[in-house]
Amino acid sequence: MFSPLEDDEHAGIISALPQGNQFMGLRQYQGMWMHHRTVSAVIKFQRRFTPRPSGGGGDVLLATPPKCGTTWVKALSFATMARTAYPPSGGDHLLLRLNPHECVPSMEGLFEAGKEAQLAALPSPRLMQHALLPPSLAHNPDCKIVYVCREPKDMMVSLWHFTKAIVTSGGRTYPFSDALEWTCEGKSPHGPFWDHLLGYWRASKATPERVLFLKYEEMLADQVGTTRELARFLGVPFTAAEEAAGLPLDIAKLCSIDTMRGLDANKTGKSGQFFKFPNESFFRKGVVGDWVNHMTPEMAREVDAIVEEKLRGSGLTFTS
């Protein structure tokens, strides 16, 4: 646990930070907008986290921003890495009875609660998630990072649906136009989203053996291929016998949004670090192109223009 003095120190740091979206309680820390309680968790993480040496198994860190496939990549990574202990076709697989967020811990939640000692009990390589990992960790030989991004317009729509319950509490309204404005200004949770994207994109180009950069749309188009790519990157490629037995397909089916949405574990209960969200809210649609149902052509052009400007020259592009 953390001392009252440390908590007081964090409170002083947080109170002095620029304040953004008041409905979401956002503060700007190290150039990124995040919930004020997340700031404390990030400070603790940066001061205290020590990667497990690769000789002892190392760490696998999932660094996906909100509403870009976090739940899905947690399920895929867990099922791939734990396939010996939990065969994907087995009727007692953990993912059949637990939400993926219960199988892969969030480091923000553990550090904020003073429970980071639980990380020591995880088997090697440790599988963990932290949405605000500094891309500099890509240079640490003891870490492998999996990053998933999503077409920005779809990301905005998904994030709006997900956060409406928080922002509209107390009778406030939260039209999509507000979410669009805040995101385009870079003042959405974990924004500016383009800085987040570019940090990991560049890290993946500099150290591809340590950072796997995935696009949600490409994952959805080839789920079995993505499962194979993920297994290779994590150092646990499928053997010829596993391929012949159809394990990549079994894992892709087990972790698909249709399968996950239909499980009792994901229809009931709640998950979350600072806010408790219904488990079913993590499986809304998961489709490509839903933005057309929420944006006018003018809105879409505005987002596309910002994305083109911010990503220009990087080699990173999106197809609407």
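Heads up: these notes are all about the structure in this document. Not measured: the values here are computed from a predicted model.

## Considerations on the environment of D304
Part 1: Relative to the assigned elements, D304 resides in helix α14 (residues 297–311).
Part 2: Sequence separation of D304 and S320 is 16 residues, and the distance between their C-alpha atoms is 8.7 Å.
Part 3: Beyond its immediate stretch of four places on either side in the chain, D304 contacts E151, K153 and S320.

## Things to note about the sheet that holds strand β4 (residues 126–129)
Part 1: Here 4 strands make up an open sheet; going across it, the order is β4-β3-β5-β6 and the pairing parallel. Each end of this open sheet is capped by a strand with a single partner; those strands are β4 and β6 (211–215). Ignoring which end each strand starts from, the neighbouring axes of this sheet average 15° apart.
Part 2: Relative to strand β5 (residues 143–149), strand β3 (residues 59–62) runs parallel, the two sharing 4 bridges. When the sheet's bridge partners are listed, L62 is paired in β5 with V146.
Part 3: The strands touched by helix α3 (residues 70–81) within the sheet are β3, β4 and β5, with β4 carrying the most contacts at an inclination of about 175°.
Part 4: Sheet strands touched by helix α8 (residues 193–206): β5 and β6. Its angle to β6, the strand with the most contacts, is close to 125°.

## As for the packing of helix α10 (residues 223–233) against helix α12 (residues 247–255)
Part 1: Interhelical geometry of α10 versus α12 gives an angle of 110° and a closest axis separation of 8 Å. Judged on the interaxial angle alone, α12 and α10 are roughly perpendicular. Contacts between α10 and α12 pair Q223, V224, T227 and R228 from the former with P248, L249, I251 and A252 from the latter.
Part 2: The residue inventory of the contact of α10 with α12, partitioned by class, reads 5 nonpolar, 2 polar and 1 charged.

## Some words on a negative patch on the surface
Part 1: On the surface, E181, E185, E298 and E302 cluster together to form a negatively charged patch.
Part 2: Within the secondary structure, E181 is located in helix α7 (residues 176–184).

## With respect to α14
Part 1: Compared with the 21 Å implied by 1.5 Å per residue over 15 residues, the 21 Å span of α14 between its first and last C-alpha is a close match.
Part 2: Within the span of α14, buried status applies to M299, A300, V303, I306, V307 and L311. Along the axis of α14, the buried positions cluster into a sector of 130°, meaning they face one direction only. Facing away from the buried side of α14, by more than 90 degrees, are the exposed residues P297, E298, R301 and E308.
Part 3: Positive backbone phi, approximately 85°, marks G313, located one or two places after α14.

## Details of the pairing of β3
Side-chain positions along a regular strand alternate between the two faces of the sheet.
Part 1: Of the two faces of β3, both are covered, the one formed by D59 and L61 as well as the one formed by V60 and L62.
Part 2: Note: β3 against β4, 4 bridges, orientation parallel. When the bridges of β4 are listed, L62 appears paired with Q129.

The rules behind each value
Residues numbered from 1 in each chain as written. Predicted model: local features only at pLDDT ≥ 70, side-chain atom pairs only at ≥ 80, totals over all residues. Heavy atoms only, no water. Helix = DSSP H or I, 4+ residues; strand = E, 2+ residues; numbered from the N terminus. Contact = heavy atoms within 4.5 Å. Pairing = 2+ DSSP bridges. Axes fitted to C-alpha atoms, helices over the stretch in contact; angles between N-to-C directions. Parallel < 35°, antiparallel > 145°, perpendicular 65-115°, else oblique. Nonpolar A, V, L, I, M, F, W, Y, C, P; charged D, E, K, R; others polar. Patch = residues over 30% accessible without salt bridge, like charges linked within 9 Å, V, L, I, M, F, W, Y side chains within 5 Å. Areas by Shrake-Rupley, 256 points an atom, 1.4 Å probe, with all protein chains shown as cover. Salt bridge = Lys/Arg side-chain N within 4 Å of Asp/Glu carboxyl O. Lys, Arg positive; Asp, Glu negative; His and termini not counted. Charge placed at Lys NZ, Arg CZ, Asp CG, Glu CD. Expected span 1.5 Å × (residues − 1). Buried < 20%, exposed > 50% of the residue type's maximum accessible area, 1.4 Å probe, protein only. Arc of directions from axis to C-beta.

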